[in-house]
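Examination of the molecular architecture
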Amino acid sequence: MLYETNNPPRLPVKSEKFMTAILLQGREIADEIKREVRDEITRLSEENGIRPGLTAVRVGEDPASSVYVGNKVKTSHELGIASEHVHLDADTTHGELLQIVQKLNARDDVDGILVQLPLPRHIDEAAILEAIDPAKDVDGFHPVNVGRLHQGVRSLVPCTPAGVIEILKRSDIDIAGKHAVVVGRSNIVGKPMAALLLRENATVTICHSRTADLPSITRQADILVAAIGRAGFVRGEHIREGAVVIDVGINSVSDRAFAAELFSEADLPKRLAAIENRGATLVGDVNPKEAIEKAAYFTPVPGGVGLLTVAMLMKNTVDAAKTRRKI
Ligand code: NDP
């Protein structure tokens, strides 16, 4: 049986008799953040006469990028951000993209610039990200913002790990003093996640593909964050009884037998129907069937961390607009 947090009380305490994890639903938290952002945008408009602007740049025809950018632009419109989508041909050169970024840097009506990754192989991704004005770097990937994050100085922070912190805080889960183990050390998720948890005074361990005896380390986690990119990789043996398990992963599963290993009896029919109808179902980097038996709290996929990423991008855009304009 699953206990969901979208019915009050919002923050249930896992009691002895509840033997499965409480699901931390991302939608409620993402909606709350979006409401706050909308209110802030209204206030900025009424009191300061400004409307934050966000430009998303996409190069080529990657279908996933198209969906991600579409969601970001749509949500921006809904919240009152002046958003624009620059879609460039796959054969756009490095120099052409650089010029576009420089023009966006110079435009006063653009508060946030996001260049959707991955870029085609002929473009130097790191150089493009470095060319973005750090004050407009709403993805938080510029080395200046990365450095500030590690110094514990206020900065624009990568959206997905920032969303994880919001889930924990808004679910009243203590971070300070807890042992947080992050599996994954990418620049987009793992490393900034570790830095943010450290900023919240957790004791942080980072694991990666060369970590020896991973389960013995992850089993020490009070808070376990999986950002690996491998479907259902984190199993029951990795999880301490009563831990908080945050699943950042987004993977597609199309194999019915594998789906049966991943999903509980209650969830499986819906998942098999998705495979039947759409060819695949989404799963994170954690085996949900095993996690809900061991964890106290668990973020579902879909419906968990993924929903926070766009909400945090909106928040970053408003923060960038205020900081740039010294509000
Ligand atoms: P990367 O591929 O960039 O990084 C994966 C990390 O996992 C690496 O550090 C890698 O280690 C580590 N890893 C791989 N295999 C193992 C293993 N067997 N044991 C321990 N560690 C391992 O992925 P991202 O960080 O970009 O993304 C991670 C996941 O999060 C993906 O599923 C992605 O789809 C999802 N994601 C979700 C977002 C959201 O909005 N919810 C946003 C961004 C990503 P090493 O460094 O040694 O190679």
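The present account deals with the structure reproduced in this document. (Residues numbered from 1 in each chain as written. Predicted model: local features only at pLDDT ≥ 70, side-chain atom pairs only at ≥ 80, totals over all residues. Heavy atoms only, no water.)

**So, the overall build of the chain**
Counting secondary structure elements, the chain contains 12 helices and 12 strands. Against the compact-globule benchmark of 20 Å for 327 residues, the chain has a radius of gyration of 20 Å, which places it among compact chains. Summarising its shape, the C-alpha atoms of the chain cover approximately 55 × 40 × 40 Å along the three principal directions. The buried share of the chain, reckoned over its 327 residues, is 49%. Considering only contacts within the chain whose residues lie at least 6 apart along the sequence, 69% involve residues at least 24 apart. When the accessible surface of the chain is totalled, it reaches about 15,400 Å², and 51% of it is carbon and sulfur. Positive and negative side-chain charges of the chain, numbering 40 and 44 respectively, have mean locations separated by a distance of 2 Å. (Helix = DSSP H or I, 4+ residues; strand = E, 2+ residues; numbered from the N terminus. Rg over C-alpha atoms; globule rule 2.2 N^0.38 Å. Buried < 20%, exposed > 50% of the residue type's maximum accessible area, 1.4 Å probe, protein only. Contact = heavy atoms within 4.5 Å. Areas by Shrake-Rupley, 256 points an atom, 1.4 Å probe, with all protein chains shown as cover. Lys, Arg positive; Asp, Glu negative; His and termini not counted. Charge placed at Lys NZ, Arg CZ, Asp CG, Glu CD.)

**Re the nonpolar core**
Leu-168, Leu-197, Val-225, Ile-246, Val-248 and Met-314 are the most contacted members of the largest nonpolar core, which has 54 residues in total. For this core, the element with the highest residue contribution is helix H12 (residues 306-324), accounting for eight residues. Core analysis: the second largest hydrophobic core is formed by 18 residues, Leu-23, Ala-226, Ile-239 and Ala-291 among them. (Core = buried A, V, L, I, M, F, W, Y, C linked by side-chain atoms within 4.5 Å.)

**Remarks on the site of the ligand**
Every one of the 20 residues lining the ligand counts as a neighbour, but Arg-185, Ser-186, His-208, Ser-209 and Thr-309 are closest to it. A distance of 2.7 Å is found between an oxygen atom of the ligand and a side-chain nitrogen or oxygen belonging to Arg-185. Within the side chain of Thr-309, a nitrogen or oxygen atom sits 2.8 Å from an oxygen atom of the ligand. Relative to its unbound accessible area of 920 Å², the ligand is 71% covered by the protein chains. Partitioned by chemical class, the residues of the shell around the ligand number seven nonpolar, 10 polar and three charged. (Near = heavy atom within 4 Å. Polar contact = N/O pair within 3.5 Å; in protein donor to acceptor, adjacent residues only side chain to side chain. Nonpolar A, V, L, I, M, F, W, Y, C, P; charged D, E, K, R; others polar.)

**So, unusual backbone geometry**
Cis rather than trans, the peptide bond between Leu-117 and Pro-118 has omega equal to 0 degrees. With respect to the element layout, Pro-118 can be found in the loop between strand S5 (112-115) and helix H4 (125-131). In this structure, Pro-302 follows Val-301 across a cis peptide bond, with omega equal to -5 degrees. Its place among the elements puts Pro-302 in the loop between strand S12 (297-298) and H12. Here the phi dihedral of Asp-213 falls at roughly 50 degrees; this positive angle occurs in a residue that is not glycine. Note that Asp-213 resides in the loop between strand S7 (203-207) and helix H8 (214-218).

**Concerning the pattern of salt bridges**
Tallied over the entire structure, the rule returns 19 salt bridges. Notably, a salt bridge pairs Arg-170 with Glu-36, separated by 2.9 Å at the nearest N-O pair. In this pair, Arg-170 is assigned in helix H6 (residues 159-170) and Glu-36 in helix H1 (residues 26-48), connecting sequence segments 134 residues apart. We classify Arg-170 as buried; its relative accessible area is 18%. The partner of Lys-270 in a salt bridge is Asp-267, and the shortest N-O contact between them spans 3.3 Å. Here the residues in one salt-bridge network are Glu-32, Glu-36, Glu-166 and Arg-170, joined through shared partners. (Salt bridge = Lys/Arg side-chain N within 4 Å of Asp/Glu carboxyl O.)

**Quick word on the pairing of strand S6 (residues 179-183)**
Across the five residues that make up S6, a large majority, five, are buried. On S6, burial covers both faces: His-179, Val-181 and Val-183 on one face and Ala-180 and Val-182 on the other are all buried. Bridge count between S6 and S7: five bridges; the pairing is parallel. Directly across from Val-182, in S7, lies its bridge partner Ile-206. In this region the chain leaves S6, passes through helix H7 (residues 190-199) and returns to the parallel neighbour S7; the handedness of that crossover is right-handed. For S6 and strand S8 (residues 223-226), the ladder comprises four bridges, and the chain directions are parallel. The residue bridging Ala-180 from the neighbouring strand is Ile-223, located in S8. (Pairing = 2+ DSSP bridges. Right-handed = clockwise from strand over helix to strand, strands pointing away.)

**Comments concerning the sheet that holds strand S3 (residues 53-59)**
What the three strands build is an open sheet, ordered S4-S3-S5; its pairing is parallel. Edge positions in the sheet fall to strand S4 (82-88) and S5, since each of these pairs with one other strand and no more. Pairwise comparison of adjacent strand axes, ignoring direction, gives a mean angle of 15 degrees for this sheet. Inspection of the sheet shows S3 paired to S4 by seven bridges, in the parallel sense. Counterpart to Val-57 in the pairing with S4 is Val-86. Packing of helix H2 (residues 63-79) onto the sheet brings it into contact with S3, S4 and S5, and relative to S3 it is tilted by some 165 degrees. (Axes fitted to C-alpha atoms, helices over the stretch in contact; angles between N-to-C directions.)

**Description of helix H3 (residues 94-106)**
Between its terminal C-alpha atoms H3 stretches 19 Å, which fits the 18 Å expected from 13 residues at 1.5 Å a residue. Residues of H3 that are buried: Leu-97, Val-101, Leu-104 and Asn-105. The arc enclosing the buried residues of H3, seen along the axis, measures out at 105 degrees, which places them on a common side. What points out from H3, more than 90 degrees from its buried face, is the exposed set Lys-103 and Ala-106. (Expected span 1.5 Å × (residues − 1). Arc of directions from axis to C-beta.)

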